[in-house]
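Next come the chains, spelled out residue by residue.
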Amino acid sequence: MTDARESCIYEVNYATPRSFGTALKSDLKETLFPDDPFHEFRNEPPSKKAKKAIQYFVPIFEWLPKYSLRFFKYDLLAGITIASLAIPQGISYAKLANLPPIIGLYSSFVPPLIYAVFGSSKHLAVGTVAACSLLIGSIIGEKVSPVDDPELYLHLVFTATFFTGILQSLMGFLRLGIVVDFLSHSTITGFMGGTATIICLQQLKGMFGLKHFTTKTDVVSVLHSIITHRHEWRWESAVVGIIFLAFLQFTRYVKQKKPKLFWVSAIAPMVVVLTGCLFAYFAHAEKHGIQIVGDLKKGINPLSIQHLNFDSKYIAAPIQAGIITAMVALAEGIAIGRSFAILKNEQVDGNKEMIAFGFMNIVGSFTSCYLTTGPFSKTAVNFNAGCKTAMSNVVMAACMLLTLLFLAPLFSYTPLVALSAIIMSAMLGLIEYEKAYRLFKTDKYDFLICMAAFLGVAFISMDVGLMLSVGLAILRALLYVARPTTCKLGSIPNSSLYRDIEQYPEANGISGILVLQLGSPIYFPNCNYIRERILRWVRDEQASRDADQAGSDIEHIFLELGGVTCIDITGVETLIEILKALEAKGIKMALVNPRLEVMEKLIVTKFIDIIGKENVFLSIDDAIEASRFNLKSSK
C-alpha cells in the first residue's frame with residue numbers, strides 16, 4: 001500500500017476541520033450572498049467604501065451622476081409611451097380589484113418614483129397587474145363587500161398593500177430571495193394561465209352590460225352568474241365590446257408580425273379609451289345600456305396612512321392577501337426584470353428588487369395606492385421603446401401627475417365595456433398553451449404542476465391553485481432528496497475517464513471492483529434508501545457476474561463522493577452500517593474524492609479512523625491501483 005501511495009502525486013487532505021464560526025460564515029455567505037454583492041468594496045479606503053455602499057443600496061446615486069441628455073431623449077419617449085398604457089390599465093385593473101378607478105391612476109404616480117430611486121432594473125416599468133388585482137379583490141371581498149361597505153373595503157386594500165410592502169422589504173433585507181424560487185416556471189405558467197382564464201370570463205359582465213354579478217372567482221360560479229342573469233344582457237354593449245376587442249387583437253397581431261411597430265399595440269388601449277369616451281359622450285351610451293366609469297375627480301394622491309385598518313376583526317384578510325400577493329408580485333416582477341436584463345447582457349439583483357418593491361408598496365399604501373409590481377406588458381413596451389434607465393418611470397409619473405391634475409375628468413365617460421375589452425386582450429396573451437404543450441412533451445411532472453395551478457385557480461380559487469402547484473413542486477424536490485441518483489461507473493476505453501455505464505454502454509467494468517457514484521447530500525431523509533441501494537447494487541452486480549461467468553467476485557467497493565455536498569450524523573452512521581455489512585460479505589469499502597464539508601464531518605466523527613486513511617483516495621485511479629497492489633500482496 002505504501003508503494004502505491006508513493007506513486008500518487010497528490011494526497012488526500014486531512015487538515016484540521018474549520019472552526020464552527022468559519023464554517024457558519026461560509027455557509028451563510030453562500031446561502032444569503034451567493035452573488036457576493038460586496039466584492040467591489042474590498043481593498044478600498046473608507047470614503048470610497050461609504051460612497052459605494054450608498055450607491056449599492058440606493059441605485060439612483062449610481063446612474064444619475066452619469067446621466068446625460070442623450071439618455072433622456074430615449075427615456076422621455078419610453079416614459080410617454082408607457083404612460084399612455086398606464087392610464088387605461090390603471091382604470092381597468094382598479095375595476096378588476098373592485099376599487100374606484102381613480103385609485104388605479106394614483107397607483108401609477110407615486111410607486112414609479114419610489115422604484116426609480118431604489119430599483120436596480122433599467123427596463124422595468126412599474127404598475128398594477130391583473131393577477132394581484134383579482135387576488136386582492138377576491139380575498140378582501142370575502143370579508144367585506146365592496147358594494148355594501150366600499151369605504152372599509154378600500155381601507156383594507158390599503159392595509160393589504162402595506163403588509164405586502166413590509167413582507168417584500170423584510171425578505172429583501174434578510175436576503176430571502178430563495179423563497180421566491182419555490183415558485184417554479186411551471187407554477188407561474190399555470191397560475192398566470194388560470195388567472196387569465198377567469199379574468200377573461202369575469203369581463204363578460206362588462207361585455208354584456210350586466211349589473212349583477214358573483215363575487216366568486218371560479219369558472220363555475222362565473223358562468224353560472226352569466227347564465228342566471230341573461231335577462232340583463234345588452235346586445236349594444238356586446239357589439240361595442242367585440243369591435244374594441246377585435247381592434248386590440250389586430251394591433252397585437254401587427255406587433256407580432258412587425259416588431260418595429262410595437263408602438264401600435266402600445267397605444268391601442270389609449271385609442272380604445274379615447275374612442276370609447278367620445279362614443280359614450282356623443283351617443284349618450286348610458287341610455288342604451290352601456291355603462292361608463294363615472295365621476296373622476298382631479299387632484300393628486302391624498303394621504304391614506306390614517307386609513308390603514310388593523311382591527312382584529314378584519315386583520316386576517318389583509319394579512320392573507322398581503323402574503324400571497326407579495327409572493328406573486330415578487331415572482332412576476334423579478335422574473336420579468338431579469339428576462340429583459342439578460343437581453344442586454346446585464347444583471348438584476350433580486351434582493352434589491354424586493355426592497356424596491358417593498359418600499360414602493362409601503363409608500364403607496366400611505367398615498368392612496370394599491371399593490372404595484374413590474375407588469376410584463378408595460379415593461380415590454382418600455383424596453384421596445386428604447387429606455388436607457390429608470391428615468392422612464394419618472395417620466396411616466398410626471399405624465400400621470402398631469403393627468404391627475406388636469407385630464408382625469410375627461411376619462412369619466414370611459415365605457416366599462418372598453419375596459420373589459422382591454423383586460424381581455426391583455427389576458428389572452430397570458431394563456432401560454434404552447435408552453436404548456438412543451439412542458440407535456442418534455443417533462444410530465446412539470447406539466448402536472450402547471451395544470452394543478454391552472455385548474456386549481458380556474459375551478460377552486462387563486463390561492464388554493466397556487467398552493468396546490470407549489471405543494472407538488474416541493475413534493476418533487478423532496479422526492480429528489482429522498483431518492484437520490486446512484487450509478488455504477490465504468491472505464492471509458494483508451495482514456496482515464498470513468499462514466500455511468502448506463503449512459504455509456506462501451507464503458508468497461510473493473511475486475512473485482514465495483515465503483516458507485518453518489519450524486520446528492522447524504523442525510524436523514526435518504527440514508528435508508530442509500531444503504532439499501534448500495535447493497536442492492538452489490539447483490540445485482542454479483543448475480544450478473546455469476547451469470548456471465550466472469551470469474552471475479554466483488555472484493556472492493558469504491559464510493560465516489562464528488563457530488564456529495566454535505567453529510568449529517570445519520571449519514572455518517574449509515575456509512576458505518578454499510579461498511580459493516582460489506583465486511584460481513586468479505587468486501588472492502590473505500591471512499592473517493594470526499595469534499596471539504598464531508599471530510600470535516602468524517603474527521604470529527606472519527607469515521608476516518610474507523611475506515612482507515614489508507615481507504616480514502618483522491619481519484620478512482622489511485623483507489624484501483626491501491627486495491628490491485630493489495631490483491632498482489634495477498635497472493
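Structure report, in brief. Owing to the predicted nature of the structure, the values given are computational and were not obtained by experimental measurement.

By the definition in use, this model includes 15 aromatic pairs. With centroids separated by 5.9 Å and ring planes inclined at 75°, the aromatic side chains of Phe 162 and Phe 310 adopt a geometry described as edge-to-face. Remark: Phe 310 occurs in the loop between α14 (262-283) and α15 (316-343) and Phe 162 occurs in helix α9 (residues 150-173); sequence separation between them is 148 residues. A centroid spacing of 4.5 Å and a plane angle of 10° characterise the contact between Phe 208 and Trp 233, whose relative ring orientation is stacked. You can see Phe 208 sitting in helix α11 (residues 204-208) and its partner Trp 233 sitting in the loop between α12 (219-228) and α13 (235-257), a full 25 residues away along the chain. The class of Trp 233 is partly exposed, set by a relative accessible area of 36%. Taken together, Phe 162, Phe 163, Phe 310 and Phe 366 form an aromatic cluster joined through their ring pairs. Sitting above the plane of the Tyr 56 ring, Lys 352 keeps its charged end 4.2 Å from the centroid. In this structure, Lys 388 is placed above the aromatic ring of Tyr 74, and the distance from its NZ or CZ to the ring centre is 4.8 Å.

Within a sheet, neighbouring strands are paired by backbone hydrogen bonds and run either parallel or antiparallel to one another. As summarised here, the arrangement of the six strands in space is β2-β1-β3-β4-β5-β6, forming an open sheet in which the pairing is mixed. Pairing within the sheet leaves two strands with one partner each, and these edge strands are β2 (498-500) and β6 (616-617). Relative to strand β4 (residues 556-560), strand β3 (residues 513-518) runs parallel, the two being bridged by five bridges. Following the sheet pairing, Leu 516 is matched in β4 by Leu 559. Seen against the sheet, helix α24 (residues 569-584) touches β4 and β5 (588-592) and runs at an angle of roughly 140° to β5.

On to the side chain of Glu 353, then. By the secondary structure assignment, Glu 353 is in helix α16 (residues 350-366). No salt bridge is formed by the buried Glu 353, whose closest oppositely charged neighbour, Lys 352, lies at an N-O distance of 7.8 Å. Setting aside its immediate chain neighbours within four residues, Glu 353 contacts Tyr 115, Gly 119, Ser 120, Ser 121, Leu 124, Ile 334 and Val 348.

So, about helix α21 (residues 444-459). For α21, built from 16 residues, the straight-helix expectation of 22 Å at 1.5 Å per residue is met to within 8% by its first-to-last C-alpha distance of 21 Å. Looking only at α21, the buried set comprises Asp 446, Ile 449, Cys 450, Ala 452, Ala 453, Gly 456, Val 457 and Ala 458. Among the structural elements, α10 (185-202), α12, α20 (433-442) and α22 (462-482) are those in contact with the buried residues of α21. One side-chain oxygen at the N-terminal end of α21 lies 3.0 Å from the backbone nitrogen of Tyr 445; it belongs to Asp 443.

Another point: the environment of Ser 412. Mapped onto the fold, Ser 412 is located in the loop between α18 (391-407) and α19 (416-428). Residue classification places Ser 412 among the buried residues on the basis of a relative accessible area of 13%. Through-space distance from the C-alpha of Ser 412 to that of Lys 297 is 8.8 Å; in sequence the pair is 115 residues apart. One polar contact links the side chain of Ser 412 to the main-chain carbonyl oxygen of Pro 409, over a distance of 2.7 Å.

The rules behind each value
Residues numbered from 1 in each chain as written. Predicted model: local features only at pLDDT ≥ 70, side-chain atom pairs only at ≥ 80, totals over all residues. Heavy atoms only, no water. Phe/Tyr/Trp six-rings, centres within 6.5 Å; stacked < 30°, edge-to-face > 60°. Helix = DSSP H or I, 4+ residues; strand = E, 2+ residues; numbered from the N terminus. Buried < 20%, exposed > 50% of the residue type's maximum accessible area, 1.4 Å probe, protein only. Lys NZ or Arg CZ within 6 Å of the ring centre and 35° of its normal. Pairing = 2+ DSSP bridges. Contact = heavy atoms within 4.5 Å. Axes fitted to C-alpha atoms, helices over the stretch in contact; angles between N-to-C directions. Lys, Arg positive; Asp, Glu negative; His and termini not counted. Salt bridge = Lys/Arg side-chain N within 4 Å of Asp/Glu carboxyl O. Expected span 1.5 Å × (residues − 1). Polar contact = N/O pair within 3.5 Å; in protein donor to acceptor, adjacent residues only side chain to side chain.

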